[in-house]
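Summary of structural features
Here are the chains, one letter per residue:
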Amino acid sequence: MNSYDVAIIGAGAAGASIARELSRYKLNIAVLEKEAECGFGVSKSNSGIIHPGTQNPPNSLKGRLCVQGNILTRSIAKELGVDFQEAGELIVIFDERDLPRLLELKREAEALAVPELRIVDRGWLKENEPNLSPEARLALYAPTAGIISPYRLVYALCENAVRNGVEIHTQAKVENIISLSPARELNARFEIVTLKGTFRASYVINAAGLYADDLSRMAGIDDFTIRPRKGEEFILDKKKQNLTRHLLFPLPSKTSKGILVIRTADGNPMVGPTAEDAKDKDDLSTSDEGLKKVFSSVKRLVPAIDEADIIAYFAGLRPVAGEDFIIRYEDKAPGFINVAGIQSPGLTAAPAIARMVCAMLKKNGLNLRKKIIFHSKRKKPIHLFNIPLSKTQRFIRKDASFGDIVCRCELVSAREVSDAIAGGARTLDGIKFRTRAQGGRCHGTFCTTRLMKILSQETNTPLTAVSKRGLGSEIVKEERTP
Amino acid sequence: MLEKDLVIVGGGPAGMAAAISAYENGVSDILLLERDQYLGGILNQCVHTSFGISYFKEVLTGPEYSGRFINKVKAIDKIEISLKSFAVNLTKDKILTFIKPGLIQKLKAKALIMATGARERTREMLHIPGARPAGIFSAGLAQKLINIEGLLPGKEVVIAGSGDIGLIMARRFVLEGAKVKAVIEIQKQARGLVRNVVQCVEDFEIPFYLQHKISRIYGKNRVERIDVARVDENFQEIAGTKFQLECDTLLISVGLIPENELIEMAQAKMDKKTNTPVSNELNKTSIAGLFVCGNAFRIYDLVDSVTKDSVLAGRQAAEYLIRGSGRTIPAGLK
Ligand SMILES: Cc1cc2nc3c(=O)[nH]c(=O)nc-3n(C[C@H](O)[C@H](O)[C@H](O)COP(=O)(O)OP(=O)(O)OC[C@H]3O[C@@H](n4cnc5c(N)ncnc54)[C@H](O)[C@@H]3O)c2cc1C
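Every residue gets a number counted from 1 within its own chain, in the order that chain's sequence is written. The lettering of chains begins at A and the numbering of ligands begins at 1, in the order of writing. Whole-chain, interface and lining totals are the exception, using all residues; otherwise, since this is a predicted model, local features are given only for residues with pLDDT of at least 70 and side-chain atom pairs are given and counted only at 80 or more. For the side-chain quantities, the full set of heavy atoms in the structure was used; hydrogens and water were omitted.

Turning next to helix H4 (residues 139–147) of chain B. Three labels apply to residues, based on accessible area from a 1.4 Å probe with only protein chains included: buried if under 20% of the type maximum, exposed if over 50%, partly exposed otherwise in between. Helix and strand definitions here come from DSSP, where helices need a minimum of 4 consecutive H or I residues and strands a minimum of 2 consecutive E residues; each element is numbered from the N-terminal end. When you tally the buried positions in H4(B), you get nine out of nine residues, the bulk of the element. Among the residues of H4(B), Ala139(B), Gly140(B), Leu141(B), Ala142(B), Gln143(B), Lys144(B), Leu145(B), Ile146(B) and Asn147(B) are the ones counted as buried. Each element contacted by the buried residues of H4(B) is listed here: helix H12 (448–459) of chain A together with strand S9 (118–120), strand S10 (136–138), strand S11 (151–152), helix H5 (164–175) and strand S18 (249–252) of chain B. Contacts are residue-level and defined by heavy atoms, with any inter-residue pair within 4.5 Å sufficient.

Residue and element names in this part refer to chain A. Any two strands between which DSSP finds at least two bridges are classified as paired. Taken in spatial order, the three strands line up as S3-S8-S4 in an open sheet, and their pairing is antiparallel. Both edges of this open sheet fall to strand S3 (49–50) and strand S4 (84–86), since each of them pairs with a single strand only. The sheet contact formed by S3 and strand S8 (residues 146–148) spans two bridges and is antiparallel. Bridge assignment links Ile49 to a residue of S8, and that residue is Ile147. Lines are fitted to the C-alpha atoms to define the axes, a helix being fitted only along its stretch in contact, and any angle between axes, read from their N-to-C directions, falls within 0 to 180 degrees. In this fold helix H2 (residues 61–80) packs onto S3, S4 and S8, with an angle of close to 135° to the strand it touches most, S4.

Turning next to the site of the ligand. Residues and elements named next belong to chain A. Put simply, a residue is near a molecule or strand once any heavy atom of it comes within 4 Å of that molecule or strand. Around the ligand, 40 residues are found, and the nearest of them are Glu33, Ser43, Ile49, Ile342 and Thr348. The term polar contact refers here to a pair of N or O atoms within 3.5 Å; inside protein, the definition further demands a hydrogen-donor-capable atom paired with an acceptor-capable atom, and it admits residues adjacent in sequence only when both atoms are side-chain atoms. Measuring from a nitrogen atom of the ligand, one finds a backbone N or O atom of Ile49 at 2.8 Å. At a separation of 3.3 Å, an oxygen atom of the ligand approaches a polar backbone atom of Pro345. Each accessible area is a Shrake-Rupley estimate made with a 1.4 Å probe; only the visible protein chains count as cover when residues are assessed. Across the complex, the protein chains shield 98% of the 990 Å² of accessible surface that the ligand would expose by itself. The nonpolar class holds Ala, Val, Leu, Ile, Met, Phe, Trp, Tyr, Cys and Pro. Asp, Glu, Lys and Arg form the charged class, and all remaining residues, Gly among them, are polar. By residue class, the composition of the shell around the ligand is 18 nonpolar, 16 polar and six charged.

This part covers the interface of chain A and chain B. Listed by partner, the interface residues are 51 residues for chain A and 50 residues for chain B. Taking both sides of the interface into account, the surface hidden between chain A and chain B amounts to around 4,300 Å²; carbon and sulfur atoms contribute 57%. Looking at the side of chain A facing chain B, the largest losses of area belong to Tyr313(A), Lys477(A) and Arg480(A), adding up to 17% of the total buried there. For this document, the term salt bridge refers to a Lys or Arg side-chain nitrogen within 4 Å of an Asp or Glu carboxyl oxygen. Between the two partners, chain A and chain B, sit seven salt bridges. Across the pair Glu149(B) and Lys453(A) runs a salt bridge, and its minimum N-O distance is 3.1 Å. Run the count over chain A and chain B and you get 21 residue pairs in polar contact (both at pLDDT 80 or more). If you list the elements that add at least two residues to the side of chain A that touches chain B, you get helix H7 (288–301), strand S18 (310–320), helix H9 (389–398), H12 and strand S23 (478–479) of chain A. Summed over both partners, the accessible area (1.4 Å probe) lost when two parts come together is defined as the buried area.

Residues and elements named next belong to chain B. All the domain ranges listed were derived from an automatic or database domain assignment. If you check the domain split of chain B, you get domain 1 (2–119 + 256–324) and domain 2 (122–252). Here the C-alpha centre of domain 2 lies 31 Å away from the C-alpha centre of domain 1. Counting from both sides, the interface comprises 12 residues of domain 1 and, opposite them, 13 residues of domain 2. Approximately 960 Å² of surface area, both sides summed, lies buried where domain 1 meets domain 2, with 57% of it carried by carbon and sulfur atoms.

This paragraph deals with the packing of helix H10 (residues 414–422) of chain A against H12(A). Residues and elements named next belong to chain A. Viewed as axis vectors pointing N to C, H10 and H12 meet at an angle of 45°, and their least axial separation amounts to 10 Å. With respect to each other, H10 and H12 are oriented oblique. Both H10 and H12 take part in a crossing whose hand is right-handed. Packed against H10, whose contacting residues are Ala414, Val417, Ser418 and Ile421, the element H12 presents Arg450, Leu451, Ile454, Leu455, Glu458 and Thr459 at the interface. Residue classes in the contact of H10 with H12 are distributed as six nonpolar, two polar and two charged. If an angle is under 35 degrees, it is roughly parallel; if it is over 145, roughly antiparallel; if it lies from 65 to 115, roughly perpendicular; otherwise it is oblique. Here is the rule for handedness: rotate from the far helix to the near one, and if that takes an anticlockwise turn smaller than a right angle the crossing is left-handed, while a clockwise turn gives right-handed.

Glancing now at the domain arrangement of chain A. Residue and element names in this part refer to chain A. For chain A, the assigned domains read domain 1 (3–43 + 150–226 + 323–363), domain 2 (89–143 + 227–320) and domain 3 (384–465). Computed from C-alpha atoms alone, the centre-to-centre distance between domain 1 and domain 2 is 32 Å. Taken together, the contacts link 13 residues of domain 1 with 10 residues of domain 2. Contact between domain 1 and domain 2 buries roughly 1,100 Å² in total, counting both sides, with carbon and sulfur atoms accounting for 50%. If you sort the residues of domain 1 by the area they bury against domain 2, Leu210, Ile226 and Gln343 come out on top, with a joint share of 45%. Connecting domain 1 to domain 2 are two salt bridges. Notably, a salt bridge pairs Asp266 with Arg152, separated by 3.1 Å at the nearest N-O pair. Residue classes in the side of domain 1 that touches domain 2 are distributed as six nonpolar, five polar and two charged.

Here is the structure:
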């Protein structure tokens, strides 16, 4: 049985950030992920906003980590070759009577050290956000809000962690955690039973997202539960990419930041999310009511938005355990750290969470010695859609398969698909998230079979085993009987 | 820059017929681009017989129909065929860029015929609420999986919409040993040809629900079941009519959209509703010398009509080129 200094449960934004941060040190680290790929939990379906830190309760942990995370994400994105766009956000009011509330938001955010906040007026809005409703009166402007592709960030963190020696085990659902203390030696305080065998570790970090309560219970800590709160989002046609310049928010409510007009890292406008308590932790369904709610709300912000431009939609579940994040070293289970209730702005906060966890480990006896060689950089994957046609020639000359176009709607070549698989893609969704193949107008009608063949060949699995997102979601049932 | 008299984008039945026609009408410098590794387009996966009845006065399968054109195109040395060649950019001056393995090529065409076919409308365009598991296919993708790749997508199938490909796939699935539980159409009538309703659905006793819609999809990893409900004149669900069907596969067959992104890129006037170029004459666009034919011009029920339309486009392109060269148009132009 392999023994590790640290086992991290969950390869979402939190787990992946922690893994990459810890990979700077001379440690044996294993990440245990139940899904077929990293990032397939909460972290794949969210708004992708790197929040500036507004709209957080004063003195909240999530507020503090969000502000730090916003700063850290910029350099991490640069190191790992992930696009980060600083779009800026506007929290818009339609009635001057709401100004005191807006000023309160500003004060609260300033107390958290959110930089460069200011109130902008109708004239500014008209000039800088032309499609915003003419009824919008004032807005709180936070220029440091940004956009990132959440899954590409998680993939990049994971790839880089692996490069620096971390082991990532997918399809390794943790089923039980056995505390071996106090009798055993330090580097085997826990035995972690997974569907891929048993692992020993002296420290366990529970970053299991929606299931963090179950995992915590396994370690004997049961003072919180995670309730899923659903958010439905709708992606619009890229033809409308100039709809808005900033990320647009209404005044926030108690439970959510409201329904937003934003855009994805690929430039599609996106509207949502809703915020409804869900019963089931796998309920990722969308609804007619959600669609109506989103569109009636965002049309108030931007009247030009049209349901007819919807090209895709999805739902995500926020892992909610009360008002704030729960990040703590559990004295009752020495060596066990909970990273739970990572609701919004968890994607933003993730790198700050990672630093906080490192500090906790150090304080509680883990020896953090820096490696002499840490590969901080990751080569940015090449995507034809990011390259002007005039420069494409260079790549096609270097490797002919850059000229072998697999996905015509999004212009994805066979080489990019192979690179995605080399980077860890094992499913059609994983290929889509990395390369955009199947993500365009035809939704994979034309390229699915080709992608299946490439995946099957390069991972040496039968075509019948190729799946959308892991076991149980195989694309076809069987080979035809001739 | 490389120059060509005529470039045809798309090597399906439309592009091939246009190429042959242009050649027969005097064009001698033709480049035919096809993004796939073989000519024939969508007909390659249409292994059923129902092609050629009006054009060849014979009943052929899709590959047989296209085979006749493939042989003919290949025999004409003035038609250069470039496979795995994907056109990525077109300007209003008819400068076309295409990519193929190992090469990106920019060229100036005196005339162009776009024969880029159509794509299927998707589930996303219908906004069917519910889960997004594996097991949801456009009818055309299911057809390709079975007929070309030799794979069976599912065993208990429901078909949403009654487009021709969906109807044909209903029969195909039954013949493959799967169970087709229903065809569900929101309109009052079938979308596809009567002949396909009779031969592919009624003859196999597949339940056919008109004025019904799929109101929800269930299933965590794979489709497990769907809700179906009757709709009123305004396509709104009628309360109390909902029922469930268990299935592992949902095919979407709700029509085709012409693929004209290149023409749009070239800034020809477009009709946003139909995604086709605005033109007051058959096969023409608002850009002189840029022609369009086959399903890219208009969604046809029969390939025979595509062929006729494309023969005309080939002739128009020939006329345009000959006029441009100052030669007089021969009387015998076909
Ligand atoms: C609709 C929506 C919009 C959002 N928008 C934003 C935003 O714009 N900006 C922002 O900052 N935040 C946003 N968030 C919040 C953000 O998505 C989350 O805070 C963040 O993704 C949480 O990351 P995580 O790593 O904690 O969880 P996850 O990504 O869920 O990671 C947990 C991982 O643990 C794995 N796991 C679970 N159980 C086990 C087990 N037993 N064994 C092994 N592995 C297990 C899971 O498979 C999963 O991969 C949004 C959330 C939602 C739902």
